[in-house]
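# Working through the structure, step by step
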Amino acid sequence: MTNKMWGGRFQAGPDAIMEEINASIGFDRRLFLQDIAGSTAHVAMLAEQGIISKADANRIRRGLAAVQAEIEAGKFTFSRALEDIHLNVESRLKELIGPAAGRLHTARSRNDQVAVDFRLYVRDAIDHLDGQLKDLQRALAAKAQAHAATIMPGFTHLQVAQPVTFGHHCLAYVEMLARDRSRLVDARRRMNQSPLGAAALAGTSFPIDRHATARALGFDGPTRNSLDSVADRDFVLETLAAAAICATHLSRLAEEIVIWSTSQFGFVKLSDKFTTGSSIMPQKRNPDAAELVRAKPGRILGALTALLVVMKGLPLTYSKDMQEDKEPAFDAFDNLSLAIAATTGMVKDLTPNVETMRQAAAGGFSTATDLADWLVRTLKMPFRDAHHVTGSLVALAEKKGCGLPELSLAELRTVEKRITRDVYKVLTVEASVASRRSFGGTAPANVRREAKRWLKLLEA
Ligand code: ARG
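From a predicted model like this one, the values you see are computed outputs, not experimental measurements. (Residues numbered from 1 in each chain as written. Predicted model: local features only at pLDDT ≥ 70, side-chain atom pairs only at ≥ 80, totals over all residues. Heavy atoms only, no water.)

Bringing the side chain of Asp130 into the picture now. With respect to the helices and strands, the residue Asp130 is situated in helix α6 (residues 110-146). Setting aside chain neighbours within four positions, we find Asp130 in contact with Arg181 and Val185. (Helix = DSSP H or I, 4+ residues; strand = E, 2+ residues; numbered from the N terminus. Contact = heavy atoms within 4.5 Å.)

What follows is the structure, given as structure tokens:
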């Protein structure tokens, strides 16, 4: 049997393999809400412009609502022979309302139809991800507020560098996620133009009103070039790029959670809800959720790469290659959403081991910079000289097997005789973090202020 939607010039139906490679209904059925919304806006405009009768438009509108209800109720039979969501919906519409259904596709093509459907879908996905990211930011800012003065080692090269506060560390991720959200919002703003009415590629001879359909679908206006309208997939690419960067951020936090929850570090305890046991080793508590979040950038960046490769070198305008845009994007958005949800759960539930963190922060001569700064401030030494003196004192402490605060005044004076007892004030980790009050610094006072600012911002 030839295709009943477009088989006019065909004598035979497709080969089974042709049907299999051609069909997208297996995955693009996800677009049914957007497809029906697009058709509803289109048909209202056609009637308004006198292109079809009001009576037909009403029949079509009611029919589309019935199709939507069937799909939502799980009573719709999707057919692979009908290729995609667009033809599945239209064919069922015809069964329900008869010949008037044939007027729906006036001044439209599947090329602008799929472009509008997918834009609407990606726009919804962005709004959903943005809301989830906001929840995660809130969870992190709340942890930051609770742990504004909890001291941990700050690392560079994964070597203890300087003491920082756990709250400050949490707020670093709040900043990253803020950039992720602004990238998504930015992509949304740029994509929010309606390709509907570009028709196959050249526009149409019917007196359509593209501004009206754009408005009805919540777009800022219609796209300005019909060729670009059906050929463009930037809106998916940009969103996937933002998603890949976001997934990368989540993977860094996930990796830190993995490291922190090892028995060697022991910085945090993950809740039972976000750990798994081992089938053989009864003592194990594995951070599987964190490991999976760490792994997600693989498929999300993979989706971006896949679509960039599909689009590369495609001549204008639409080619069926572009049907390959959907599966990777669906997979990427689903998995990013899952990763955000899992991260939010872990963050809410994890408990920092305050004492273990503090002890680790005091190790590794982490207040050496504070000592050097004291020499600069009190003895007016140039920083480079102070760096050198401090280096010698660190070597001395290392030889003695103690920390900087445990060196006696006499020992300190063997390297720099002008050092006074006053220096001990700056050698504790508490003094170190409290002194880092520069804008954006780790001092508990700063962290409290920033956490409060974020929580207020995120309320709105
Ligand atoms: N299923 C198609 C897609 O996702 C819809 C557009 C089909 N257009 C066409 N000219 N065959 O790209």
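Contact geometry of α6 with helix α7 (residues 166-191) gives a least axis separation of 9 Å together with a crossing angle of 165°. As the angle between them shows, α6 and α7 are arranged roughly antiparallel. The hand of the α6/α7 crossing is left-handed. The class makeup of the residues in the contact of α6 with α7 is 18 nonpolar, 2 polar and 9 charged. (Axes fitted to C-alpha atoms, helices over the stretch in contact; angles between N-to-C directions. Parallel < 35°, antiparallel > 145°, perpendicular 65-115°, else oblique. Left-handed = near helix turned anticlockwise from the far one by under 90°. Nonpolar A, V, L, I, M, F, W, Y, C, P; charged D, E, K, R; others polar.)

The next thing to look at is the packing of aromatic side chains. Under the defined criterion, the tally for this structure stands at 8 aromatic pairs. Ring centres of Tyr121 and Phe330 lie 4.9 Å apart, and the angle between their planes is 65°; this geometry places the pair in the edge-to-face category. Here Tyr121 is found in helix α6, whereas its partner Phe330 is found in helix α13 (residues 326-349), with 209 residues between them in sequence. Its relative accessible area of 4% is what places Phe330 among the buried residues. Seen from their ring centres, Phe265 and Phe267 are 5.1 Å apart, and the 70° between their planes marks the pair as edge-to-face. With a relative accessible area of 2%, Phe267 lands in the buried category. (Phe/Tyr/Trp six-rings, centres within 6.5 Å; stacked < 30°, edge-to-face > 60°. Buried < 20%, exposed > 50% of the residue type's maximum accessible area, 1.4 Å probe, protein only.)

Examined bridge by bridge, strand β1 (residues 151-156) and strand β2 (residues 159-165) share 6 bridges and lie antiparallel to one another. Each residue of the ladder has a partner; that of Ile151, found in β2, is Thr165. A loop of 2 residues connects β1 with β2, the two strands running antiparallel in sequence, and His157 in this loop sits at a positive phi of about 55°. (Pairing = 2+ DSSP bridges.)

Once that is clear, we can look at the nonpolar core. In this structure, Phe118, Leu140 and Leu336 are the most contacted members of the largest nonpolar core, which totals 94 residues. Apart from the residues within four sequence positions on either side, Leu336 is in contact with Leu129, Ala243, Cys246, Ala247, Leu250 and Ile300. Formed by 21 residues, the second largest nonpolar core is a distinct cluster that contains Leu371, Trp374, Ile419 and Val423. (Core = buried A, V, L, I, M, F, W, Y, C linked by side-chain atoms within 4.5 Å.)

As a further point, take the site of the ligand. Around the ligand, the structure places Ser24, Asp28, Asp84, His86, Arg110, Asn111, Val114, Tyr318, Lys320, Gln323 and Lys326. The separation between a nitrogen atom of the ligand and a polar side-chain atom of Gln323 is 2.7 Å. Between the ligand and Lys326 there is a distance of 2.5 Å, counted from an oxygen atom to a side-chain nitrogen or oxygen. Relative to its free-state accessible area of 340 Å², the ligand is covered by the protein chains to the extent of 87%. For the shell around the ligand, the class distribution of residues is 2 nonpolar, 4 polar and 5 charged. (Near = heavy atom within 4 Å. Polar contact = N/O pair within 3.5 Å; in protein donor to acceptor, adjacent residues only side chain to side chain. Areas by Shrake-Rupley, 256 points an atom, 1.4 Å probe, with all protein chains shown as cover.)

So, about helix α11 (residues 288-295). Every buried residue belonging to α11 is among Ala289, Ala290 and Val293, and all of these are buried. Each buried residue of α11 sits inside an arc of 100° when the element is viewed along its axis, so together they form one side. As for α11, its buried residues are in contact with α10 (234-260), α12 (297-311) and α13. (Arc of directions from axis to C-beta.)

Now for a nonpolar patch on the surface. On the surface, Leu201, Leu227 and Leu316 cluster together to form a nonpolar patch covering roughly 280 Å² of accessible area. Leu316 gets classed as exposed once you look at its relative accessible area, which sits at 66%. (Patch = residues over 30% accessible without salt bridge, like charges linked within 9 Å, V, L, I, M, F, W, Y side chains within 5 Å. Salt bridge = Lys/Arg side-chain N within 4 Å of Asp/Glu carboxyl O.)

Here Asn88 lies in helix α5 (residues 85-97). Residue classification places Asn88 among the buried positions, given a relative accessible area of 2%. In sequence terms Asn88 and Gln68 are 20 residues apart; their C-alpha atoms lie 12 Å from each other. When sequence neighbours within four positions are dropped, the list of residues in contact with Asn88 reads Ile25, Phe76, Thr77, Phe78, Ser79, Leu82 and Glu83.

This part takes up unusual backbone geometry. Of note, the amide linkage connecting Leu316 to Thr317 takes the cis form, showing an omega dihedral of 5°. By the element assignment, Thr317 lies in the loop between α12 and α13. Although it is not a glycine, Ala107 sits at a positive phi angle of roughly 60°. Considering the arrangement of structural elements, one finds Ala107 in the loop between α5 and α6. When its relative accessible area of 8% is taken as the criterion, Ala107 is described as buried. The phi dihedral of His157 is positive, around 55°, even though this residue is not glycine. Within the secondary structure, His157 is located in the loop between β1 and β2. With relative accessibility at 74%, the residue His157 sits in the exposed group.

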